[in-house]
Amino acid sequence: MNLDIFLQQLVNGASLGSMYALIAIGYTMVYGVLRLINFAHGDIMMVGAFLTFFAMQSGIPFEAALIIGIAGAAIIGILTDKIAYKPLREAPKISLLITAIGISFFLENLFTVLFGSTPKAFKAPEYLTKIFHLGNIYLPISVIIIPTVTLLILAIVLWILYKTKYGMAIRALAFDIQTVKLMGIDADKIIMIVFIIGSSLAAIGGVFYAVSYPSIDPLMGIIVGLKAFAAAVLGGIGSVGGAVVGGFILGFTEIFVVAMFPELGGYKDAFAFFFLILVLLFKPTGIMGQDLERGRF
Amino acid sequence: MLKVNDLTVNYGVIAAVRGIDLNVKAGTIVTLIGANGAGKTSTLNAIVNSVKKSGSVIFDGIDISKMATHKIVKHGLSLVPEGRKIFINLTVEENLRMGAFNNDEDFESLRNLVYEKFPRLKQKINQAGGTLSGGEQQMLAIGRALMSKPRMLMLDEPSLGLAPKIISEVFEIITELKSDIPILLVEQNAFAALKIADYGYVLENGSISLHDAAKNLLGNDEVRAKYLGG
Ligand SMILES: Nc1ncnc2c1ncn2[C@@H]1O[C@H](COP(=O)(O)OP(=O)(O)O)[C@@H](O)[C@H]1O
Ligand SMILES: [Mg+2]
């Protein structure tokens, strides 16, 4: 592999890792406050991509369509929490998990019934897909824009978590719900904010995915969601920084495995999980994770 | 200020609190003493609706029996929970910020008051709550509760696991608070509690076995034998 190809793959890896990272943040934040692996999260990403797609089809420009996709995903995220998860706050966690799997099947099948299972071509605006070259490297502009936007979003999320009272409450909630309520804080409202943030970022990740691949289908959330979940666990579930690190690690690994060993290309998805198992063997809480149960009662 | 009537808490088949009445008047410290497992924590948690209960709770003339926990706190009744429950992953200042969640405009003045009352906390503003000593955590827990500008304070075993010197420091602060807000103090450390309280209730197996002015309880033979070590 010469330097040009290496750099090219590096950028591709960053771009793919960004999508995993954006989706992983939602997994990790919801897990933090509810101790729930939200299996429907990958499908929320699909919903965001579909709504953006339909908005564009009706003639709305890409940027506005993206906002509609984000808002729609956020609303679906809030609704799943209010309708499906909230009644189960006191129930055993396994009930919550099974409900999440149910929501996931529901969204996948609903979109299949409504819009068919054939992939739809996603026509990204030209300024994202235009190819530019640096020396011998040829790349679509999107591979630069996607990681840049992702890091910007990460900065905003960290700012919310560490500088605003709502963010502090999200962090406090990860350790102790009862005591958060004793502060006069409406815990359900804080959980809703988590769903808004997580679902919005998933929608952005979904649209980035649609721009890069460039097609969408009702089941697109399954494998991407699973890998983003792996990224969240790899980075340390509950840690937003960890989710991003995990996302980038998976993105780079996947791209480089395919680049270096093309004959292993078909196994690229397996590598994500092989990597996950390897890290968990040595550090069960993930790269940046803390033991969340410490201090929780 | 606080009137509790026929309060009952059951955990499945376990009857933790069996229909008790309590009364806390403005300007007083009332203590609820009893052995481990008597139902003291369940009583406080039931008052703020953290556990399922039956019975009525009237706070400052308003029926809060069915109110959500966070609304009760917003209403001015604050609980410093057993074991302090500091947010160990948040800094001292962030813990106070959480206490003032519904008091944005007053945060700085309230915080300065808390630092004045607990100068030790001021030196550790940016330290994670989990790194504080037990005594400092208790002070932070009380300070955090005061950040909501409560009209009444309930404390669940503030002396738990603290050295005697720290206990007297904490109890001194509780006594100082009395002039501003009434206090319901739950304690296993009956002697220390009765010394600063105006009135006391003795909880035994979920029922009130005795209640009287604190100085009378201090002199009561049965109380002396059971809770004051003779
Ligand atoms: N969450 C719970 N589930 C079941 N039993 C409980 C629970 N909390 C307390 N208990 C039981 O209720 C009784 C009273 O406990 P508690 O209110 O904590 O007493 P205290 O604070 O006076 O030590 C005890 O027998 C205790 O074992
Ligand atoms: Mg107790």
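Scroll up to find the structure this text is about.
Nothing here was measured: the structure is a model prediction, and the numbers come from that model.

Undergrad: Please clarify how the overall build of chain A should be interpreted in this entry.
TA: Each helix and strand in chain A was counted, giving twelve helices and four strands. Taking 19 Å as the expected radius of gyration for a compact globule of 297 residues, we find that chain A reaches 19 Å, a close match to that expectation. Considering chain A as a whole, with its 297 residues, one finds that 54% of them fall into the buried category. The contacts of chain A with a sequence gap of at least 6 include a subset with a gap of at least 24, amounting to 76%. Accessible surface computed for chain A: about 12,800 Å², of which carbon and sulfur atoms make up 72%.

Undergrad: Please clarify how the coordination of the magnesium ion (ligand 2) should be interpreted in this entry.
TA: Residue and element names in this part refer to chain B. Looking at the magnesium ion (ligand 2), one finds its protein donor set to be T41 (OG1) and E82 (OE), positioned 2.0 to 2.3 Å from the metal centre. Of the two residues, T41 sits in helix 1 (residues 40-47) while E82 sits in the loop between strand 6 (77-80) and helix 3 (92-99), which places them 41 residues apart along the sequence. T41 gets classed as partly exposed once you look at its relative accessible area, which sits at 21%.

Undergrad: Which parts of the structure should I look at to understand the nonpolar core?
TA: If you look at the biggest cluster of nonpolar residues, it comprises 126 residues, and the most contacted ones within it are F122 of chain A together with L2, M154 and L184 of chain B. Leaving out residues up to four positions away in the same chain, L2 of chain B has contacts with L22, N23, V24, I47, V57, I58, F59, L77, M152, M154 and L184 of chain B. Core analysis: the next-biggest nonpolar cluster, separate from the first, contains 47 residues, V80, I174, L185 and V202 of chain B among them.

Undergrad: Quick question: what am I supposed to make of the packing of helix 1 (residues 3-34) of chain A against helix 9 (residues 187-212) of chain A here?
TA: To characterise two packed helices, one gives the angle between the axes of the helices and the distance between these axes. All names here are of chain A. Across the interface, helix 1 lies against helix 9 with an axial gap of 7 Å and an inter-helix angle of 160°. The orientation of helix 1 with respect to helix 9, classified from their angle, is roughly antiparallel. For the pair helix 1 and helix 9, the sense of crossing is left-handed. Each of M19, L22, I23, I25, G26, M29, V30, V33 and L34 in helix 1 lies in contact with helix 9, whose residues at this interface are I191, V194, F195, I197, G198, L201, A202, I204, G205, F208, Y209 and S212.

Undergrad: Please explain the site of ligand 1 as it appears in this structure.
TA: Residue and element names in this part refer to chain B. Close contacts around ligand 1 come from Y11, I14, A16, A35, N36, G37, A38, G39, K40, T41 and S42, and that covers them all. Between N36 and ligand 1, the recorded distance is 3.3 Å, taken from a side-chain N or O atom to an oxygen atom. In this structure, an oxygen atom belonging to ligand 1 sits 2.5 Å away from a side-chain N or O atom of S42. Protein coverage of the free-state accessible area of ligand 1, which is 560 Å², stands at 60%. Sorting the residues of the shell around ligand 1 by element identifies strand 2 (14-24) and helix 1 as the ones contributing at least two each.

Undergrad: Is there a simple way to think about the environment of L10 of chain A in this case?
TA: All names here are of chain A. Residue position: L10 is located in helix 1. Given a relative accessible area of 32%, L10 falls into the partly exposed group. When the C-alpha atoms of L10 and F252 are compared, they prove to be 6.8 Å apart, with 242 residues separating the residues in sequence. What L10 contacts, discounting residues up to four positions off in sequence, is F252 and F256.

Undergrad: Is there a simple way to explain the layout of surface pockets in this structure?
TA: Picture a little ball the size of a water molecule; that probe, rolled over the atoms, points out where space is still empty. By volume, the largest pocket is sized at about 1,200 Å³. Looking at the largest pocket, it is lined by 41 residues, and the ones nearest its centre are E90, Q178 and K181 of chain A together with N49 and S50 of chain B. Sorting the residues of the lining of the largest pocket by element identifies helix 1, helix 8 (177-182) and helix 9 of chain A together with helix 1, strand 4 (54-59) and helix 2 (69-74) of chain B as the ones contributing at least two each. With five residues, helix 8 of chain A is the single largest residue contributor to the lining of the largest pocket. As for the second largest pocket, its lining consists of 21 residues, and the residues nearest its centre are Y162, R171, G238, S239 and Q290 of chain A. If you list the elements that add at least two residues to the lining of the second largest pocket, you get helix 1, helix 6 (142-163), helix 7 (165-175) and helix 11 (240-260) of chain A.

Undergrad: So what exactly am I meant to see when it comes to the pattern of salt bridges here?
TA: Pairs may arise between side chains of opposite charge once their charged atoms sit close together. One pass over the structure, following the stated rule, counts 20 salt bridges over all chains. Here R171 of chain A makes a salt bridge to E94 of chain B, at a shortest N to O gap of 3.0 Å. Within this pair, whereas R171 of chain A is found in helix 7, its partner E94 of chain B is found in helix 3, the two belonging to separate chains. With respect to burial, R171 of chain A and E94 of chain B carry one shared label: buried. For the salt bridge of R120 of chain B with E136 of chain B, the shortest nitrogen-to-oxygen distance reads 3.8 Å. Linking R120 of chain B in helix 5 (residues 119-122) with E136 of chain B in helix 6 (residues 134-146), this pair joins segments that are 16 residues apart in sequence. Residue classification places E136 of chain B among the buried residues on the basis of a relative accessible area of 8%.

Undergrad: Just to check I follow, could you spell out the interface of chain B and chain A for this structure?
TA: Taken together, the contact between chain B and chain A spans 21 residues of the former and 22 residues of the latter. Summed over both partners, the interface of chain B with chain A comes to about 2,000 Å²; 68% of that surface belongs to carbon and sulfur atoms. Area buried by chain B at its contact with chain A is led by H70, F87 and F101 of chain B, which between them contribute 29% of it. Summed over the shared surface of chain B and chain A, the result is two salt bridges. Across the contact surface, chain B and chain A share six residue pairs in polar contact (both at pLDDT 80 or more).

Undergrad: Which parts of the structure should I look at to understand the sheet that holds strand 7 (residues 152-156) of chain B?
TA: Two strands in a sheet stick together by hydrogen bonds in their backbones, pointing the same way (parallel) or opposite ways (antiparallel). Residue and element names in this part refer to chain B. Reading across from one edge, 6-7-8-3-9-10 is the order of the six strands in this open sheet, with mixed pairing throughout. In this open sheet, the two edge strands, each paired with only one partner strand, are strand 6 and strand 10 (207-213). Averaged over neighbouring strand pairs, the angle between their axes works out to 15° when direction is ignored. Where strand 3 (residues 29-33) and strand 9 (residues 199-204) come together, four bridges link them in parallel fashion. Across the sheet, residue I33 finds its bridge partner in strand 9, namely V202. On the sheet, helix 6 packs against strand 6 and strand 7 and is oriented at approximately 170° with respect to strand 6.

Undergrad: In this structure, what is going on with the packing of aromatic side chains? I would like to understand it.
TA: Geometrically, a pair of aromatic rings is defined through the distance of the ring centres and the angle of the planes. Across all of its chains, the model carries 15 aromatic pairs over all chains by this definition. With 5.4 Å between their ring centres and 85° between their planes, Y166 of chain A and F101 of chain B make a pair best called edge-to-face. Highlighted residues: Y166 of chain A in helix 7 and F101 of chain B in the loop between helix 3 and helix 4 (107-117), drawn from two different chains. Classification of Y166 of chain A by relative accessible area gives partly exposed; the value is 30%. Residue class for F101 of chain B comes out buried when judged on its relative accessible area of 5%. Linked through ring pairs, F50, F53, F54, F111, F115 and F122 of chain A together constitute an aromatic cluster. Geometry around F107 of chain B places R97 of chain B over its ring, the cationic atom sitting 5.0 Å from the centre.

What counts, and where the lines are drawn
- Residues numbered from 1 in each chain as written.
- Chains lettered and ligands numbered in written order.
- Predicted model: local features only at pLDDT ≥ 70, side-chain atom pairs only at ≥ 80, totals over all residues.
- Heavy atoms only, no water.
- Helix = DSSP H or I, 4+ residues; strand = E, 2+ residues; numbered from the N terminus.
- Rg over C-alpha atoms; globule rule 2.2 N^0.38 Å.
- Buried < 20%, exposed > 50% of the residue type's maximum accessible area, 1.4 Å probe, protein only.
- Contact = heavy atoms within 4.5 Å.
- Areas by Shrake-Rupley, 256 points an atom, 1.4 Å probe, with all protein chains shown as cover.
- Donors = N, O, S within 2.8 Å, 3.2 Å for Na, K, Ca; no water.
- Core = buried A, V, L, I, M, F, W, Y, C linked by side-chain atoms within 4.5 Å.
- Axes fitted to C-alpha atoms, helices over the stretch in contact; angles between N-to-C directions.
- Parallel < 35°, antiparallel > 145°, perpendicular 65-115°, else oblique.
- Left-handed = near helix turned anticlockwise from the far one by under 90°.
- Near = heavy atom within 4 Å.
- Polar contact = N/O pair within 3.5 Å; in protein donor to acceptor, adjacent residues only side chain to side chain.
- 1 Å grid on protein atoms, 1.4 Å probe; cavity = no way out; pocket = protein on both sides within 12 Å on 5 of 7 lines; lining within 4 Å.
- Points joined across faces, edges and corners; volume = space filled by probe spheres on them.
- Salt bridge = Lys/Arg side-chain N within 4 Å of Asp/Glu carboxyl O.
- Buried area = accessible area lost by both parts, 1.4 Å probe.
- Pairing = 2+ DSSP bridges.
- Phe/Tyr/Trp six-rings, centres within 6.5 Å; stacked < 30°, edge-to-face > 60°.
- Lys NZ or Arg CZ within 6 Å of the ring centre and 35° of its normal.

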